[in-house]
Amino acid sequence: MNKALFDPVAAHYDSWYDTELGSVSDQVERHLAQSMFKAPGPKVLEIGCGTGQYTSWLLQEGYEVTAIDISGEMMDLAQKKIAALQETTPQTKPVHWWHADITEILDQLETYDGIFSMTAFEFVPEPEKVLQKLFNHLKPGGCLLIGLIAGESAWSDYYEEAVRRKPDSVFARAALYTKEEISSWQIGAPAEIGECLFFPPNIQTAAEALLLEKKREGNPGFVVAKWTKG
């Protein structure tokens, strides 16, 4: 298994969501992804579950989740988060945890009603090829959805500057694609593209961010792509 980039930052990863910028960014990304992801059955594969931010939502939606992450440190935090959720909502289905690199287990996957991944494919080599193989693991009518930080945006500039300041940043290994590039990928069905994050990372308040989000001007900082199997 490749060295897990996010192991060293796992302990502080969720602190981003406690900031005003992190909270409002998560709000708009989550709204878009959750509105687009509609699996026709209960069986869902989550790639790059991280600390379980979306695993929790998938469980609460009634899905039976197989959660994969290359980072054992991130997955440990996700397991604790889900255990706490299941104590208060015991009717949720169990989560099947899989500590692995998705590129190394493609031939071991089952078939799923939905495949869901947020901010993971920036770090996956040759994402088009991996997504093509994942699409083959969808049941008829199933959907494959990914959320990505968008290239050629204020947010990609922000992360590029972060790498210049700190060359060992995890984002030094990230590839940020434009919505046009993502749309051109030949996955097995036409892509449905959603866009959000129309405010820059140097925004001062959440209220100002949401005002700019409504205007939807300029290039989006985040793209959600969905492919549905006929």
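Our subject is the structure listed above.
Residues numbered from 1 in each chain as written. Predicted model: local features only at pLDDT ≥ 70, side-chain atom pairs only at ≥ 80, totals over all residues. Heavy atoms only, no water.

Caption draft 1: Seen up close, the environment of Tyr63. Examined against the element boundaries, Tyr63 turns out to sit in the loop between helix H3 (53-60) and strand S2 (64-69). For the pair formed by Tyr63 and Asp113, sequence separation is 50 residues and the distance between their alpha carbons is 9.6 Å. Within the local environment of Tyr63, its side chain forms a polar contact with the backbone nitrogen of Ala39, the two atoms lying 3.3 Å apart. (Helix = DSSP H or I, 4+ residues; strand = E, 2+ residues; numbered from the N terminus. Polar contact = N/O pair within 3.5 Å; in protein donor to acceptor, adjacent residues only side chain to side chain.)

Caption draft 2: Spatial organisation of the side chain of Asp69. Along the polypeptide, Asp69 turns up in strand S2. Although Asp69 lies buried, it forms no salt bridge, and the closest oppositely charged side chain, Lys81, sits 11 Å away as judged by the N-O distance. Residues in contact with Asp69, not counting those within four places in the same chain, are Gly48, Cys49, Gly50, Met74, Met75, Trp98, His99 and Ala100. (Buried < 20%, exposed > 50% of the residue type's maximum accessible area, 1.4 Å probe, protein only. Lys, Arg positive; Asp, Glu negative; His and termini not counted. Salt bridge = Lys/Arg side-chain N within 4 Å of Asp/Glu carboxyl O. Contact = heavy atoms within 4.5 Å.)

Caption draft 3: Examining the sheet that holds strand S4 (residues 112-118) more closely. Here seven strands make up an open sheet; going across it, the order is S3-S2-S1-S4-S5-S7-S6 and the pairing mixed. Both edges of this open sheet fall to strand S3 (96-99) and strand S6 (192-196), since each of them pairs with a single strand only. If you compare each strand with its neighbour and ignore which way they point, the axes differ by 15° on average. The sheet contact formed by strand S1 (residues 43-47) and S2 spans five bridges and is parallel. Paired with Val44 across the bridge in S2 is Val65. The strands touched by helix H4 (residues 72-88) within the sheet are S2 and S3, with S3 carrying the most contacts at an inclination of about 170°. (Pairing = 2+ DSSP bridges. Axes fitted to C-alpha atoms, helices over the stretch in contact; angles between N-to-C directions.)

Caption draft 4: Broad picture of the side chain of Lys226. As for its position among the elements, Lys226 is in strand S7 (residues 222-228). Lys226 sits in the buried class, given a relative accessible area of 11%. If we ignore the near neighbours within four places in the chain, the residues touching Lys226 are Met36, Cys143, Leu144, Leu145, Pro190, Ala191 and Glu192.

Caption draft 5: Just the packing of helix H2 (residues 20-36) against H3, in detail. At a closest axis distance of 12 Å, the pairing of H2 and H3 adopts a crossing angle of 40°. The angle between the axes of H2 and H3 places the two elements in the oblique class. In this structure, the crossing between H2 and H3 has a hand that is right-handed. Along the contact surface, H2 presents Asp26, Glu29, Arg30 and Gln34, while H3 presents Gln53, Tyr54 and Trp57. Class assignment for the residues of the contact of H2 with H3 results in two nonpolar, two polar and three charged. (Parallel < 35°, antiparallel > 145°, perpendicular 65-115°, else oblique. Left-handed = near helix turned anticlockwise from the far one by under 90°. Nonpolar A, V, L, I, M, F, W, Y, C, P; charged D, E, K, R; others polar.)

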